[in-house]
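So you can see what is in the structure, the chains are spelled out below.
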Amino acid sequence: MEETKQNTLTMDMLVSLCKRRGFVFQSSEIYGGLSSAWDYGPLGVELKNNIKDFWWKEMTGMYENIVGIDAAIMMHPRVWEASGHVENFSDPLVDCRECRQRFREDNLPEENRAGRKCPECGGELTEPRQFNLMFQTNLGAVEDSSSIVYLRPETAQGIYVNFKNVVQTSRQKIPFGIAQVGKAFRNEITTKNFIFRTCEFEQMEMQFFIDPKEDEKWFEYWKEQRWDYYKKLGIRENKLRFHQHGPDELAHYAKDAYDIEYEFPFGWKELEGVHNRTDYDLRRHGEYSGKELTYLEEATKERYIPYVIETSAGLTRTVLTVLADAYEEEVVDEKDTRTVLRFHPRIAPVTVGVFPLVKKDGLAELAREIEGNLRSDFSTFYDQGGAIGRRYRRQDEIGTPYCVTIDYQTKDDNTVTLRYRDSMEQERIAIEEIPSRIREAIKGYRRV
Ligand code: GAP
């Protein structure tokens with residue numbers, strides 16, 4: 001039974017499932033769509049929220065020395081001068097003189113780069129020019145240079161500019177972290193591969209403020225913590241790897257950086273960055289704002305600008321990772337293949353499907369009652385349409401880990417069938433056991 005076709009997963013298969021089952025739709029689809037922007041449907045928003053909640057719990061709830069904030073997307077324009085984004089946050093852009101398509105020069109195959117040839121039509125490419133990725137707009141009624149604001153290209157800066165506020169109000173002592181989840185915007189030259197690289201996306205970032213003498217120790221610590229997080233999220237470890245940035249890859253603020261990469265259907269790509277940002281950001285904000293962004297170590301009376309170890313994950317990119325990693329087409333027998341999303345149960349959009357075997361003889365009412373009672377503990381879905389096998393398969397396809405079926409025996413002895421998505425095994429349990437059995441199963445979940 002366990003033969004699978006997972007390795008044949010293509011982006012087309014994934015995009016098609018996402019649309020068919022309501023995970024992700026193209027933005028403004030009825031108008032022909034907006035390239036590189038995507039909307040999350042009823043199941044997609046649940047999945048995204050569950051991942052966000054899991055990250056938040058793992059990164060704030062599990063550490064007494066990490067607190068959260070939620071900063072505004074629009075910030076004072078000087079923030080982006082201080083951060084170096086106005087000056088440095090750009091990609092080399094080339095245009096094709098024939099087909100007018102635009103490319104990031106550093107992403108082109110070597111032969112196209114060297115020969116200045118368009119990879120699409122063979123036309124001549126322009127000389128590269130630096131293209132700033134920040135979206136710029138104007139705040140207020142007057143459109144002049146004094147009203148310019150940027151849509152933030154990373155959430156991190158909202159944390160740095162609140163460093164002093166948090167130190168003063170939360171009584172945190174170094175080492176401590178500040179976490180934030182929110183939208184970020186980049187005018188990406190090439191957006192492709194579905195929700196992998198988009199112009200509007202969400203980040204889950206944590207900035208950990210430390211004594212500069214301890215940067216290597218904390219850098220190693222956070223690399224390890226973040227690797228373990230993906231394992232807890234249910235991502236297969238053999239699909240993950242670290243990639244250390246070479247000198248020409250390092251961002252302008254970084255002393256050292258590792259990407260956690262995932263093997264997507266289109267190759268190994270960055271999922272998260274763990275960066276040693278040194279004191280770059282706090283020092284620059286101190287200089288540009290004129291405010292002192294230092295820290296006084298009470299024991300030693302030493303004053304310093306803290307270093308920062310940053311963990312920066314893409315939320316929307318994690319949604320793609322989770323979907324790609326979960327997707328399997330499993331050959332059940334010679335005549336039967338099922339599509340199954342093997343989400344970790346703690347992030348599955350629906351945790352329990354509840355079905356009456358048939359609608360009549362009071363089974364539907366009983367099933368509704370059971371489903372209603374489960375709602376306060378789990379995300380549930382009630383389905384009474386079609387053959388029971390078809391209903392199971394519909395839930396497999398959206399990754400529902402547990403299904404409960406109510407049949408005639410339920411009326412006699414108050415028992416139901418609990419069916420497990422991964423093994424397709426079924427067991428008979430008492431109605432009152434359902435919540436505890438599911439909770440235990442979630443806690444002990446191991447992907448087969
Ligand atoms: N604060 C550091 C920072 O923003 P980054 O490597 O540019 O670092 C961090 O971005 C993460 O944000 C990436 O690993 C990726 O998951 C996500 N990300 C970046 N650009 C993205 C885009 N255009 N679309 C979707 N996710 C993106």
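The structure contained in this document is the topic of the report that follows. (Residues numbered from 1 in each chain as written. Predicted model: local features only at pLDDT ≥ 70, side-chain atom pairs only at ≥ 80, totals over all residues. Heavy atoms only, no water.)

### Some thoughts on the overall build of the chain
Within the chain one finds 14 helices and 23 strands. Taken along the three principal axes of its C-alpha coordinates, the chain extends 75 × 65 × 45 Å. Within the span of the chain, comprising 448 residues, buried residues form 52% of the whole. Taking all contacts inside the chain whose residues are at least 6 apart in sequence as the whole, residues at least 24 apart take part in 65%. Accessible surface, the chain as shown: approximately 21400 Å² in total, 47% of it carbon and sulfur. (Helix = DSSP H or I, 4+ residues; strand = E, 2+ residues; numbered from the N terminus. Buried < 20%, exposed > 50% of the residue type's maximum accessible area, 1.4 Å probe, protein only. Contact = heavy atoms within 4.5 Å. Areas by Shrake-Rupley, 256 points an atom, 1.4 Å probe, with all protein chains shown as cover.)

### Thoughts on the sheet that holds strand β12 (residues 256–264)
Pairing is mixed in the open sheet, where seven strands are placed in the order β3-β9-β10-β16-β13-β12-β11. Edge positions in the sheet fall to β3 (66–68) and β11 (240–244), since each has one partner strand and no second. Recorded for the sheet is a direction-independent mean angle of 25° between the axes of neighbouring strands. Relative to strand β13 (residues 267–278), β12 is paired through nine bridges, and the arrangement is antiparallel. Residue pairing in the sheet places Tyr258 in a bridge with Val274 of β13. (Pairing = 2+ DSSP bridges. Axes fitted to C-alpha atoms, helices over the stretch in contact; angles between N-to-C directions.)

### Details of the pairing of strand β4 (residues 90–95)
By the criterion of burial, β4 is predominantly enclosed, with five of the six residues buried. Sheet topology note: the β4/strand β5 (residues 102–104) ladder contains three bridges and is antiparallel. Among the inter-strand pairings, Val94 is bridged to a residue of β5, identified as Phe103. Taking the residues between adjacent antiparallel strands as the criterion, β4 and β5 are bridged by six residues, where Arg100 takes a positive phi near 70°.

### Considerations on the nonpolar core
Grouped together as the largest cluster of nonpolar side chains are 56 residues, with contacts concentrated most on Phe23, Leu47, Ile51, Trp222, Tyr230, Leu323 and Phe343. Element by element, the count of residues in this core is highest for helix α10 (residues 315–326), at seven residues. Beyond its immediate stretch of four places on either side in the chain, Phe343 contacts Phe23, Leu47, Val322, Leu323, Ala326, Ala348, Pro349, Ile398, Gly399, Arg421 and Tyr445. By size, the runner-up hydrophobic cluster in this structure holds 21 residues, among which are Leu374, Tyr382, Val404 and Ile434. (Core = buried A, V, L, I, M, F, W, Y, C linked by side-chain atoms within 4.5 Å.)

### Describing the side chain of Thr410
Mapped onto the secondary structure, Thr410 falls in helix α13 (residues 408–413). Thr410 sits in the buried class, given a relative accessible area of 0%. Here Asp407 takes part through its backbone nitrogen, which lies 2.9 Å from a polar atom of the side chain of Thr410. Apart from the residues lying within four places of it in its own chain, the contact partners of Thr410 are Leu366, Thr415, Val416, Arg428 and Ile431. (Polar contact = N/O pair within 3.5 Å; in protein donor to acceptor, adjacent residues only side chain to side chain.)

### Comments concerning the packing of aromatic side chains
Per the counting criterion, the structure on display carries 24 aromatic pairs. Here the aromatic rings of Trp218 and Tyr221 are separated by 5.2 Å at their centres, their planes lie at 85°, and the arrangement is edge-to-face. Here Trp218 and its partner Tyr221 are both found in helix α8 (residues 215–232), three residues apart, which amounts to about one turn of the helix. Residue Tyr221 is classed as partly exposed on the basis of its relative accessible area of 29%. Taken together, the aromatic side chains of Tyr63, Phe208, Trp218, Tyr221 and Trp222 make up a single cluster linked through ring pairs. The cationic tip of Arg317 hangs over the ring face of Phe196; the distance from NZ or CZ to the ring centre is 3.7 Å. (Phe/Tyr/Trp six-rings, centres within 6.5 Å; stacked < 30°, edge-to-face > 60°. Lys NZ or Arg CZ within 6 Å of the ring centre and 35° of its normal.)

### Re the layout of surface pockets
Where empty space is left in the structure can be found by rolling a water-sized probe over the atoms. The space that makes up the second largest pocket amounts to roughly 470 Å³. Along its surface, the second largest pocket is lined by 18 residues, and Phe54, Lys57, Pro345, Arg346 and Ile442 are the ones closest to its centre. Looking at the lining of the second largest pocket, the elements that each hand over two or more residues are α2 (42–61) and α14 (434–443). Ranked by residues supplied to the lining of the second largest pocket, first place goes to α2 with six residues. (1 Å grid on protein atoms, 1.4 Å probe; cavity = no way out; pocket = protein on both sides within 12 Å on 5 of 7 lines; lining within 4 Å. Points joined across faces, edges and corners; volume = space filled by probe spheres on them.)

### A closer look at the site of the ligand
Every one of the 21 residues lining the ligand counts as a neighbour, but Glu154, Glu188, Thr198, Glu205 and Glu270 are closest to it. Here an oxygen atom of the ligand and a side-chain polar atom of Glu270 are 2.6 Å apart. Between the ligand and Gly314 there is a distance of 3.0 Å, counted from an oxygen atom to a backbone nitrogen or oxygen. Starting from 550 Å² of accessible surface for the ligand in isolation, the protein chains cover 93%. For the shell around the ligand, the secondary structure elements donating two or more residues are β10 (200–210), β13 and β16 (307–314). Among the elements that take part in the shell around the ligand, β13 stands out by supplying six residues, more than any other. For the shell around the ligand, the per-class residue count stands at five nonpolar, six polar and 10 charged. (Near = heavy atom within 4 Å. Nonpolar A, V, L, I, M, F, W, Y, C, P; charged D, E, K, R; others polar.)

### Examining empty space enclosed by the protein
Throughout the structure, instances matching the rule amount to one cavity of 30 Å³ or more. For the lining of the largest cavity, the class distribution of residues is six nonpolar, two polar and three charged.

### So, unusual backbone geometry
A cis amide bond links Ile174 with the next residue in sequence, Pro175, at an omega value of 5°. Despite not being glycine, Ser28 shows a phi value in the positive range, around 55°. Tracing the backbone shows Ser28 in the loop between β1 (24–26) and β2 (38–40). Despite not being glycine, Asp361 shows a phi value in the positive range, around 55°. Judged by its relative accessible area of 41%, Asp361 falls in the partly exposed class.

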